[in-house]
Amino acid sequence: MSLNKLTIAAARDALRSGDVTSVELTEACLSEIEGAGALNAFVHKTPEIALEQAKAADTRIKTGDAPAMCGIPLGIKDLFATKGVATQAASNILSGFKPEYESTVTQNLWDAGAVMLGKLSMDEFAMGSSNETACYGPVVNPWKVDERQLTPGGSSGGSAAAVAADLCLAATGTDTGGSIRQPAAFTGIVGIKPTYGRVSRWGVVAFASSLDQAGPMTKSVRDAAIMLGTMCSHDPKDSTSADIPVPDFEAALTGDIRGKKIGIPKEYRLDGMPAEIGKLWDDGIAMLKDAGAEIVDISLPHTKYALPAYYVVAPAEASSNLARYDGVRYGHRAKLAAGEGIVDMYEKTRAEGFGPEVQRRVMIGTYVLSAGFYDAYYNRARKVRALIKRDFEQVFAQGIDAILTPATPSSAFGLGEMADADPVAMYLNDVFTVTVNLAGLPGISVPCGLDSKGLPLGLQLIGRPWEEGDLLNHAHVLEQAAGFAAKPEKWW
Amino acid sequence: MSIDIDTARKVAHLARIRVPEEHLPELAQELSNILTFMEQLNEVDVEGVEPMTSVTPMRLKRRVDEVTDGGYQDKILKNAPDAREGFFAVPKVVE
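In this text the structure is predicted, and so the values were computed from the model without any measurement.

Draft legend 1. How the structure looks around the domain arrangement of chain A. Residue and element names in this part refer to chain A. Taken domain by domain, chain A comprises domain 1 (3-251) and domain 2 (306-381). In this assembly, 20 residues from domain 1 lie in contact with 20 residues from domain 2. Summed over the three residues of domain 1 that lose the most area to domain 2, namely Ile93, Met127 and Phe207, the buried surface amounts to 40% of that side. The interface formed by domain 1 and domain 2 holds 0 salt bridges in total. Counting across the domain 1 and domain 2 interface gives 9 residue pairs in polar contact (both at pLDDT 80 or more). Split by residue class, the side of domain 1 that touches domain 2 holds 10 nonpolar, 9 polar and 1 charged.

Laid out in structure tokens, this is it:
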């Protein structure tokens, strides 16, 4: 098997036994990346850094006490600040920006010996569900079943496409409303968003600070467990980073969920949901039942209000966070005409630098925070958010261990197909995932089957706060039972 | 709640994003559609509910108020579009 197709777990074992070197793994990935320009996933390549890190990893592995991630070649979402390497959140407003610092998550990975292959495309500022808002142009899903080019989903679309196409062993993603789980489902890979506070946000370009959380995007649940463990840490530089120990997530993968209670929320069975999604969900329920879990019907009554609450809270926070892009300290500054002043500079810089979706969300956020509307929109949304969280607390208090839902309302759609649709239609992609961010819970997307067109579909498991290990174990059981092994046929 | 052209112009200015006059009607329509979607929230009974401030029940950490970082002006200015003599340079602010 080509080395770039290995899982993290298999590569770790092969590195430790001396069957393969990190330099060999890294070269295999770099050569795949060179041949995958048509996917448009890697937008800033760092082969020199990669080979240097790989050599250092090989030396470290020889000493015999290397961590699991040592020598593993990764792709990094363009949202993570990487020292001296272009970091622009797929936005023209950060064009040319090279941070003087490293994000905590990537630093944790490099400290463990992981290798950076380069930066991966995404929706601009992580705002989108199709990777079409990237300043680099859309990423193309490696899955292709007819003449159409499909979206890999978003916002972590570059990460999803790169992992699904075996350009890297795994990638980092971030998830504000579903941006890890939806693209993972669209590309047949695994993606986990941990509990809010589990992973440091320091050095991750901020979108909506109360919702943003980074996580791994991988080829298996075991890989997600391994990589998540390395990404997590308590970080004094992020005041919302939780000061609690990080357990060994891989050790939690016992494969035993006998007696666990799985909640099936009736509100997630939407009118007009494709029959294939409903069937996939029913199959998943049967798999967990066969594994000895108890299936319990539950109700999360405020589910319907999650999307509108999210589309108040997230843009409000974005409008504040993105105020820093003013053409003064970094990135793009508009050229000014004679006599134009500083307000002209701000307004022209932001009009030129932000794409249409980012502009729309910043303005919505500005509106809902403005005098006279703050209570009607922003405060009301925060109250509804509290009710959404309470719904989950009540079912967990009933003894529910995990909740099973579909990950997305459809399989991957065609690039450009949503171009003329109302922005709200695109927002509906997040309908199953956004509740998890609003409630701060861990959620994982597991590939479970193909639809009639031959495109991957995923199921989502939602866990109790801080119980990522237990959640990953449920996901592991589902993964084993579903036996999803399909890969996209190489056309690129 | 629908947004008229004057409100759209005002919001764009508050957000410091220049929107050409001819694009304002379309912007007003888009913002109105999104706000209509949000208005579903009015159906929810939120009587007595506290607005969420933190999703995890944690107390923000405190530390001694002292300088723990800094002293690298060159790094701070490295990415500036216009830096002169150790400062960020901008168009004239005060007449």
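Draft legend 2. Structural view of the state of the cysteines. Taken as a whole and judged by the stated rule, the model has 0 disulfides over all chains. The cysteine Cys29 of chain A is free of any disulfide, with Cys168 of chain A supplying the nearest cysteine sulfur at 6.7 Å.

Draft legend 3. Focus on the pattern of salt bridges. Residues and elements named next belong to chain A. According to the stated counting rule, one finds 32 salt bridges over all chains in the structure shown. Between Asp238 and Arg201 there is a salt bridge, with the nearest N and O atoms lying 3.3 Å from each other. With Asp238 in the loop between helix H7 (221-231) and strand E7 (261-265) and Arg201 in the loop between strand E5 (190-193) and strand E6 (213-218), this residue pair connects regions lying 37 residues apart in the sequence. Arg201 carries the same exposure label as Asp238, and that label is buried.

Draft legend 4. Region of the structure containing the UniProt feature "active site" (unreviewed entry) in chain A. Residue and element names in this part refer to chain A. According to UniProt, the feature "active site" (unreviewed entry) maps to Lys77, Ser155 and Ser179 in the numbering used here. Taking the farthest pair of C-alpha atoms as the criterion, the annotated set spanning 103 residues converges on one region, since that pair is 11.3 Å apart. When near neighbours in sequence (up to four residues on either side) are disregarded, Lys77 contacts Lys119, Leu120, Met122, Ala126, Ser155, Ser156, Ser159, Thr172, Gly173, Thr174 and Ser179. A polar side-chain atom of Lys77 sits 2.9 Å from a polar atom in the side chain of Ser156. With respect to the secondary-structure elements, Ser179 resides in the loop between strand E4 (170-175) and helix H6 (181-187). For Ser179, a relative accessible area of 7% translates into the label buried. Once residues lying within four places of it in the same chain are set aside, the contact partners of Ser179 are Lys77, Ala126, Gly128, Gly154, Ser155, Ser156 and Thr174. A distance of 2.9 Å separates the side chain of Ser179 from the side chain of Ser155, its partner in a polar contact.

Draft legend 5. Highlighting the interface of chain A and chain B. Across the contact, 69 residues belong to chain A and 50 residues belong to chain B. Regarding the contact of chain A and chain B, the summed buried area is about 5200 Å², with carbon and sulfur atoms giving 69% of it. Here chain A is connected to chain B by 7 salt bridges. Applying the counting criterion to the chain A and chain B interface returns 19 residue pairs in polar contact (both at pLDDT 80 or more). Counting only elements with at least two residues in the side of chain A that touches chain B, the list comes to helix H9 (306-321), helix H10 (342-353), helix H11 (356-369), helix H12 (374-397), helix H13 (423-427) and helix H14 (434-439) of chain A. Among the elements that line the side of chain A that touches chain B, the one with the most residues is H12 of chain A, at 12 residues. Each residue belonging to the side of chain A that touches chain B can be placed in one class, and the counts come to 35 nonpolar, 14 polar and 20 charged.

Draft legend 6. Structural context of the side chain of Gln88 of chain A. All names here are of chain A. The topology assignment puts Gln88 in the loop between strand E2 (73-77) and helix H4 (104-111). Judged by relative accessible area, Gln88 falls into the buried class, the value being 8%. Other than its neighbours up to four places away in sequence, Gln88 contacts His44, Asp78, Leu94, Ser95, Gly96, Cys135 and Tyr136.

Thresholds, definitions, all that
- Residues numbered from 1 in each chain as written.
- Chains lettered and ligands numbered in written order.
- Predicted model: local features only at pLDDT ≥ 70, side-chain atom pairs only at ≥ 80, totals over all residues.
- Heavy atoms only, no water.
- Domains from an automatic or database assignment.
- Contact = heavy atoms within 4.5 Å.
- Buried area = accessible area lost by both parts, 1.4 Å probe.
- Salt bridge = Lys/Arg side-chain N within 4 Å of Asp/Glu carboxyl O.
- Polar contact = N/O pair within 3.5 Å; in protein donor to acceptor, adjacent residues only side chain to side chain.
- Nonpolar A, V, L, I, M, F, W, Y, C, P; charged D, E, K, R; others polar.
- Disulfide = S-S within 2.5 Å.
- Helix = DSSP H or I, 4+ residues; strand = E, 2+ residues; numbered from the N terminus.
- Buried < 20%, exposed > 50% of the residue type's maximum accessible area, 1.4 Å probe, protein only.
- UniProt positions renumbered as here; feature names shortened; annotations may be inferred.

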